[in-house]
Amino acid sequence: MVQKKDIDWGSLGFAYQHTDYSYVCNYKNGAWEEGGLTPDHTVTLSECAGLLHYCQEVFEGLKAYTAENGDIVCFRPDMNAQRMYDSAKRLEMPSFPKEKFVEAVEQVVKANAAWVPPYGSGATLYIRPFMFATGDVIGVKPADEYQFRILVTPVGPYYKGGVKPVKLVVPEFDRAAPHGTGNIKAGLNYAMSLHPSVLAHSAGYADNLFLDPQTRTYVEETGGANVLFVTKEGKFVVPQSFTDSILPSITRRSLVQVAEDLGMEVEQRPVKFDEIDQFVECGMCGTAAVISPVGEIDNGDKKVVYGMEHVGPVMKKLRETLTGIQSGAIEDKHNWVHKIDVE
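Residues numbered from 1 in each chain as written. Predicted model: local features only at pLDDT ≥ 70, side-chain atom pairs only at ≥ 80, totals over all residues. Heavy atoms only, no water.

Asker: Just to check I follow, could you spell out the overall build of the protein chain for this structure?
Answerer: A tally of regular secondary structure across the protein chain gives 6 helices and 18 strands. Summarising its shape, the C-alpha atoms of the protein chain cover approximately 55 × 55 × 35 Å along the three principal directions. Going through the 343 residues of the protein chain one by one, you find that 53% of them count as buried. In the protein chain, the proportion of contacts linking residues at least 24 apart, taken out of those at least 6 apart, comes to 72%. (Helix = DSSP H or I, 4+ residues; strand = E, 2+ residues; numbered from the N terminus. Buried < 20%, exposed > 50% of the residue type's maximum accessible area, 1.4 Å probe, protein only. Contact = heavy atoms within 4.5 Å.)

Asker: I would appreciate a short explanation of the side chain of Arg-83 in the present structure.
Answerer: Along the chain, Arg-83 falls in helix α2 (residues 77–90). Within polar-contact distance, the side chain of Arg-83 engages the side chain of Glu-60 at 2.7 Å. In contact with Arg-83, not counting residues within four places along its chain, are Glu-60, Lys-185, Leu-247, Pro-248, Ser-249, Ile-250 and Arg-253. (Polar contact = N/O pair within 3.5 Å; in protein donor to acceptor, adjacent residues only side chain to side chain.)

Asker: Explain the nonpolar core here, please?
Answerer: Considering soluble globular proteins, one finds that nonpolar side chains tend to be buried as a cluster. Ranked by size, the top nonpolar core spans 38 residues in total, and within it Val-109, Met-131, Phe-148 and Ile-150 carry the most contacts. At the level of elements, β1 (22–28), β5 (62–66), β6 (72–75), α2, α3 (98–111), β7 (124–133) and β8 (146–155) are the ones that each hand at least two residues to this core. In terms of residue count, the dominant contributor to this core is α3 (6 residues). In contact with Phe-148, not counting residues within four places along its chain, are Tyr-23, Val-24, Cys-25, Trp-32, Met-84, Phe-96, Phe-101, Ala-104, Pro-129, Phe-130 and Met-131. Counting 23 residues, the second-largest nonpolar core is a separate cluster that includes Val-73, Leu-255, Met-264 and Cys-285. (Core = buried A, V, L, I, M, F, W, Y, C linked by side-chain atoms within 4.5 Å.)

Asker: Is there a simple way to explain the packing of aromatic side chains in this structure?
Answerer: In this description, an aromatic ring pair is defined by two values, namely the gap between the centres and the angle between the planes. For the structure shown, the criterion picks out 12 aromatic pairs. Relative to Tyr-126, the ring of Phe-14 has its centre 5.4 Å away and its plane inclined at 65°; by these criteria the two rings are edge-to-face. One end of the pair, Phe-14, is in the segment before β1; the other, Tyr-126, is in strand β7, and 112 residues separate them in sequence. Each member of the aromatic cluster is reached from another via a ring pair, and the members are Tyr-23, Tyr-27, Trp-32, Phe-96, Phe-101, Tyr-146 and Phe-148. Taking the ring centre of Tyr-85 as reference, the NZ or CZ of Lys-98 above it sits at 4.8 Å. (Phe/Tyr/Trp six-rings, centres within 6.5 Å; stacked < 30°, edge-to-face > 60°. Lys NZ or Arg CZ within 6 Å of the ring centre and 35° of its normal.)

Asker: When you look at the environment of Arg-76 in this model, what are you seeing that I'm missing?
Answerer: In this fold, Arg-76 is placed in the loop between β6 and α2. Sequence-wise, Arg-76 and Thr-251 are 175 residues apart; in three dimensions their C-alpha atoms are separated by 9.5 Å. Here the side chain of Arg-76 touches Ser-254 through a polar contact of 2.9 Å, side chain to side chain.

Asker: How should the side chain of Asn-26 be read in this particular structure?
Answerer: The topology assignment puts Asn-26 in strand β1. A polar contact of 2.8 Å, which involves the side chain of Asn-26, links it to the side chain of Gln-147. Ignoring sequence-local partners within four residues, the contact set of Asn-26 consists of Ala-31, Trp-32, Glu-33, Tyr-146 and Gln-147.

Asker: For this particular structure, what's the right way to read the pattern of salt bridges?
Answerer: Pairing between side chains of opposite charge can happen when their charged atoms approach one another. Summed over the entire model, instances satisfying the criterion amount to 15 salt bridges. Residues Lys-235 and Glu-267 are paired through a salt bridge, measuring 3.5 Å at the closest nitrogen-oxygen approach. Taken as a pair, Lys-235 in the loop between β12 (226–230) and β13 (236–239) and Glu-267 in strand β14 (residues 266–269) lie far apart in primary sequence, 32 residues in all. The partner of Glu-320 in a salt bridge is Lys-316, with the nearest N and O atoms 2.8 Å apart. Of this pair, Glu-320 and Lys-316 both sit in helix α6 (residues 313–327), 4 residues apart, which is roughly one turn of the helix. Judged by relative accessible area, which is 43%, Glu-320 ranks as partly exposed. When its relative accessible area of 41% is taken as the criterion, Lys-316 is described as partly exposed. Members of the salt-bridge network, linked through shared partners, are Lys-235, Glu-265, Glu-267, Arg-269 and Glu-275. (Salt bridge = Lys/Arg side-chain N within 4 Å of Asp/Glu carboxyl O.)

Asker: What exactly am I supposed to notice about the environment of Lys-110 here?
Answerer: With respect to the helices and strands, the residue Lys-110 is situated in helix α3. The exposure class assigned to Lys-110 is partly exposed, which follows from its relative accessible area of 42%. With 213 residues separating them in the primary sequence, Lys-110 and Thr-323 have C-alpha atoms 22 Å apart. If sequence neighbours within four positions are ignored, Lys-110 has contacts with Ile-340, Asp-341, Val-342 and Glu-343.

Asker: Explain the environment of Ser-11 to me, please; I cannot follow it from the model alone.
Answerer: Relative to the assigned elements, Ser-11 resides in the segment before β1. The spatial distance from the C-alpha of Ser-11 to the C-alpha of Pro-157 is 9.3 Å, given a sequence separation of 146 residues. Side-chain polar atoms of Ser-11 contact the backbone oxygen of Asp-8, separated by 3.0 Å.

Asker: Is there a simple way to explain the packing of helix α5 (residues 250–261) against α6 in this structure?
Answerer: For any two helices packed against each other, the geometry comes down to the angle between their axes and how far apart the axes lie. Interhelical geometry of α5 versus α6 gives an angle of 105° and a closest axis separation of 10 Å. One finds that α5 runs roughly perpendicular with respect to α6. When α5 is examined against α6, the residues Thr-251, Ser-254, Leu-255, Val-258 and Ala-259 are found in contact with a partner set consisting of Leu-318, Thr-321, Leu-322 and Ile-325. Taken together, the residues of the contact of α5 with α6 sort by class into 6 nonpolar, 3 polar and no charged. (Axes fitted to C-alpha atoms, helices over the stretch in contact; angles between N-to-C directions. Parallel < 35°, antiparallel > 145°, perpendicular 65-115°, else oblique. Nonpolar A, V, L, I, M, F, W, Y, C, P; charged D, E, K, R; others polar.)

Asker: I keep staring at the pairing of β13 and nothing clicks. Help me out?
Answerer: Moving residue by residue along a regular strand, the side chains alternate between the two faces of the sheet. The side-chain alternation of β13 yields two buried faces, one formed by Phe-236 and Val-238 and the other by Val-237 and Pro-239. Direction of pairing for β12 relative to β13: antiparallel, over a ladder of 2 bridges. The residue bridging Val-230 from the neighbouring strand is Phe-236, located in β13. Here β12 folds back onto β13 in antiparallel fashion, the turn holding 5 residues, of which Gly-234 has a positive phi close to 90°. Where β13 and β14 come together, 4 bridges link them in parallel fashion. Note on β14: the bridge partner recorded for Phe-236 is Val-266. Handedness of the crossover joining β13 and β14 through α5: right-handed. (Pairing = 2+ DSSP bridges. Right-handed = clockwise from strand over helix to strand, strands pointing away.)

Take a look at the structure:
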């Protein structure tokens, strides 16, 4: 039995703190090294490192948590491995091997098992794999050396006071370029969203709802999550991007499967902003909250209200089902829950 850290798990926020180990692996001379654990949580870079000049960086986010039966598990790490593999390829970085990615996640979680919050606390161990260019580059070209790391840190529940609807606003800015890098998980996309995010928060909104960067007529995603809708007939509608600028969320793809398993009709298609007032529910989905209900979306003088008092029944059912699968309370018939052997 792992002796847990003496932490007030219920008071944790979403903030970084050092744990016992991180994972590190370097790419040099055309190959990835063996890699392994390190107690050193610092990174030393050349002032000419490619990361600092041409933004060669990609990352992922997933969680390890304690299931109902006491196992330490994480959710679909193979999907994070695939997405990071694809993200790196898009930025001309050497893709980290997918099997090695999953093994690295297992290794770092096992080494930090004492930091995995107990079942029922609402807290989790957040896992952040990331990769960046360390090689010197002065001309505009890919670097020839890279580092892959995984940091882990315990975090509290996304919603401390229960799941509550939030407000979104349509900004004057775009998150990504048409056929650009919007469909990969790279820091540069999030840098683009920081300024409009600060403006949204200062105006009382939880996040921005970005429209397609080509015509600004179709719904894309928020600054940090995919968007979902429900029709009055109960159909689950998932926006698609004809400019390929929506991040392929692992949570979204899992929810689509859950909806189909529950017998819901699912439609994945481009969604015009002008039609969103025809839907009866809206939500954001991602690793942190699974589903975050949206109660209102504002765009200039147009205000679309779904309800700020409660979570819609379809979003509630989808969230409860997916979190039930993750915790072990509901059968995992797709083998999504990945057990970490810590004994």
